[in-house]
Amino acid sequence: MIEIVETDAGTARITWHRAKKARLVLAVSHGAGGGIEARDLQALAQVLPGHGVTVALVEQPWRVAGKKLAPAPKTLDTGWRGIWPALAGMALPVISGGRSAGARVACRTATELGAHGVLALSFPLHPPGRPERSRADELLGAGVPTLVVQGGNDPFGKPDEFPEGTYGLVEVPYGDHGFAVPKRAEITQERALEIVTGGVVEWVESLG
């Protein structure tokens, strides 16, 4: 089911993948360079409803409007705040999530919005080749239970670059920023996505 939501940043769109007996909602948005067709978001939408989690794939207003470039972080946060009432309207705990830029939005707004947790897929710890420009403070400041799922070869931050913290971290071996694995890797693309979804299912169940 597709739901159109008006926000102060423009028109957003939610694609719902409902669980039969939902106990949680996982809302995830895309990054700055792609949409909800991302392989990890689609995999979560297929797998998690079978584990009692309704998945809401959120398209930010800039994406719905057909623009090529994402707006400033402040505008992304405004869009995310605007869709939150539609998510919270299910009267279930809501996990705030996203990939890349969407993960940053989830971290920045989690406490304010009362998120049950944060799922950070491919968190962009720093721009490629610029480790000194760390965004670790956003991740560490989420203020709610947080899970990072990171590719082993992500140029925006490899798992061993992440600072110590109270969050969980699942590594997808050989994975790049989009969790793509090279053909010569010791795991298949299918297995890489199983690591993503399996790690998220395990974490969600630990939240209670």
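Residues numbered from 1 in each chain as written. Predicted model: local features only at pLDDT ≥ 70, side-chain atom pairs only at ≥ 80, totals over all residues. Heavy atoms only, no water.

Things to note about the overall build of the protein
What counts here: Secondary structure follows DSSP: runs of H or I at least 4 residues long count as helices, runs of E at least 2 residues long count as strands, and numbering of each begins at the N terminus. Buried residues are those whose accessible area, probed at 1.4 Å on protein chains only, stays under 20% of the maximum for their type, while exposed residues exceed 50% and partly exposed ones sit between those limits. The contact criterion used is simple: two residues touch if any of their non-hydrogen atoms lie within 4.5 Å.
Tallying secondary structure elements over the protein gives six helices and eight strands in all. Seen in sequence order, the protein has helices and strands lined up from the N terminus as β-β-β-α-β-α-α-β-α-β-α-β-β-α. Once the C-alpha set of the protein is aligned to its principal axes, its extents read approximately 40 × 35 × 30 Å. The buried share of the protein, taken over its 208 residues, is 53%. Sequence-distant contacts in the protein: of pairs separated by 6 or more residues, those separated by 24 or more amount to 62%.

Quick word on helix α3 (residues 73-88)
Stated precisely, the cut-off is as follows: One less than the residue count of a helix, multiplied by 1.5 Å, gives the span that helix is expected to have. By definition, a residue's bend is the angle between the axes fitted to the seven residues ending there and the seven starting there.
Over its 16 residues, α3 extends 22 Å from the first C-alpha to the last, a length consistent with the 22 Å expected when each residue adds 1.5 Å. Largest kink in α3: about 25°, centred on Gly82, with the proline Pro85 one to four residues after it. By the burial criterion, the buried members of α3 are Leu76, Asp77, Gly79, Trp80, Ile83, Trp84, Ala86 and Leu87.

Structural notes on the pattern of salt bridges
Just so we agree on the cut-off: By definition, a salt bridge exists where a carboxyl oxygen of Asp or Glu is found within 4 Å of a side-chain nitrogen of Lys or Arg.
One pass over the full model with this rule turns up nine salt bridges. Between Glu59 and Arg13 there is a salt bridge, with the nearest N and O atoms lying 2.9 Å from each other. On the criterion of sequence distance, the pair formed by Glu59 in strand β4 (residues 53-59) and Arg13 in strand β2 (residues 10-17) is long-range, its members being 46 residues apart. Arg13 gets classed as partly exposed once you look at its relative accessible area, which sits at 24%. One salt bridge connects Glu132 with Arg130, and the closest N-O pair in it is separated by 2.6 Å. The exposure class of Arg130 is partly exposed, given its relative accessible area of 36%. Look at the salt bridges and you will find they share partners, linking Asp77, Arg104, Arg108 and Glu138 into a network.

Overview of the packing of helix α1 (residues 39-47) against helix α6 (residues 189-207)
Using the following cut-off: To get an axis, a line is fitted to the C-alpha atoms, and for a helix only the part in contact is used. The angle between two axes follows their N-to-C directions and goes from 0 to 180 degrees. Oblique is the label for any angle not covered by the other classes, which are roughly parallel (under 35 degrees), roughly antiparallel (over 145) and roughly perpendicular (65 to 115). Here is the rule for handedness: rotate from the far helix to the near one, and if that takes an anticlockwise turn smaller than a right angle the crossing is left-handed, while a clockwise turn gives right-handed. Three classes are used: nonpolar for Ala, Val, Leu, Ile, Met, Phe, Trp, Tyr, Cys and Pro, charged for Asp, Glu, Lys and Arg, and polar for all others, with Gly counted as polar.
Put simply, α1 and α6 touch, their axes get as near as 10 Å, and they point 60° apart. One element, α1, and the other, α6, form an angle in the oblique class. Considering how the two elements wind past one another, α1 and α6 form a crossing that is right-handed. Here Arg39, Asp40, Ala43, Leu44 and Val47 of α1 come into contact with α6, specifically with Gln189, Leu193, Val196, Thr197, Val200 and Val201. For the contact of α1 with α6, the per-class residue count stands at seven nonpolar, two polar and two charged.

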